[in-house]
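What follows is the residue order along each chain.
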Amino acid sequence: MDLLAEYRRATMFFETGDPLGAARLLEPIVEAEPQNASVRQLLARSYFMSAQLKGAEKQLRALIELDPTDHYAHHVLGRTLERGGRPAEALPYLRLALAMHHQPEYEDALRRVEGLANIQERADRRTGA
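Attention in this report is confined to the structure presented alongside it. (Residues numbered from 1 in each chain as written. Predicted model: local features only at pLDDT ≥ 70, side-chain atom pairs only at ≥ 80, totals over all residues. Heavy atoms only, no water.)

Before going further, it helps to spend a moment on the packing of aromatic side chains. Taken as a whole, this structure holds 0 aromatic pairs when the rule is applied. The side chain of arginine 83 reaches across the aromatic face of phenylalanine 48, ending 4.8 Å from its centre. (Phe/Tyr/Trp six-rings, centres within 6.5 Å; stacked < 30°, edge-to-face > 60°. Lys NZ or Arg CZ within 6 Å of the ring centre and 35° of its normal.)

Let's shift gears to the environment of alanine 32. Take alanine 32: it is sitting in helix α2 (residues 19-32). Given the relative accessible area of 48%, alanine 32 is considered partly exposed. In sequence terms alanine 32 and leucine 3 are 29 residues apart; their C-alpha atoms lie 8.6 Å from each other. (Helix = DSSP H or I, 4+ residues; strand = E, 2+ residues; numbered from the N terminus. Buried < 20%, exposed > 50% of the residue type's maximum accessible area, 1.4 Å probe, protein only.)

Next up on the list: the packing of helix α1 (residues 3-15) against α2. With their axes 8 Å apart at the nearest point, α1 and α2 run at an angle of 155 degrees to one another. Judged by the angle between their axes, α1 and α2 are roughly antiparallel. Relative to α2, the crossing made by α1 is left-handed. Facing Leu3, Glu6, Tyr7, Arg9, Ala10, Phe13 and Phe14 of α1, the residues of α2 in contact are Pro19, Gly21, Ala22, Leu25, Leu26, Ile29 and Ala32. Of the residues that constitute the contact of α1 with α2, the class distribution is 11 nonpolar, 1 polar and 2 charged. (Axes fitted to C-alpha atoms, helices over the stretch in contact; angles between N-to-C directions. Parallel < 35°, antiparallel > 145°, perpendicular 65-115°, else oblique. Left-handed = near helix turned anticlockwise from the far one by under 90°. Contact = heavy atoms within 4.5 Å. Nonpolar A, V, L, I, M, F, W, Y, C, P; charged D, E, K, R; others polar.)

Our next topic: the packing of helix α3 (residues 37-49) against helix α4 (residues 53-66). Interhelical geometry of α3 versus α4 gives an angle of 155 degrees and a closest axis separation of 8 Å. Looking at the two axes, α3 sits roughly antiparallel to α4. The hand of the α3/α4 crossing is left-handed. Here Ala37, Arg40, Gln41, Leu43, Ala44, Tyr47 and Phe48 of α3 lie close against α4, whose contacting residues are Leu53, Gly55, Ala56, Gln59, Leu60, Ala62, Leu63 and Leu66. Residue classes in the contact of α3 with α4 are distributed as 11 nonpolar, 3 polar and 1 charged.

Structure (structure tokens):
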């Protein structure tokens, strides 16, 4: 298998709006090259865009393990946890991403998730959870 050609095909699938097709092509590449952060990031994004949140979370955690200073991986992991209804778990990743690399998109996500986490916390207190 020509991994570079498959990566390019996967990128094309992703860019043309087929994250599922991209993920199918990227999975064997990540198996063959688990240290390749670019491939793993595109797989995580493909999973995220196709609502395969467990797969996205797994790939993003692996990216952070490979490079704890990867602000984008922290941000997307926070967004993945937010999208999965886990705002309190998302907050540390979003805060760290913003601290590492100040971007309006990161700041907006953090504010939004802080609000969601506060709402969830109040609801949990009311129900005794």
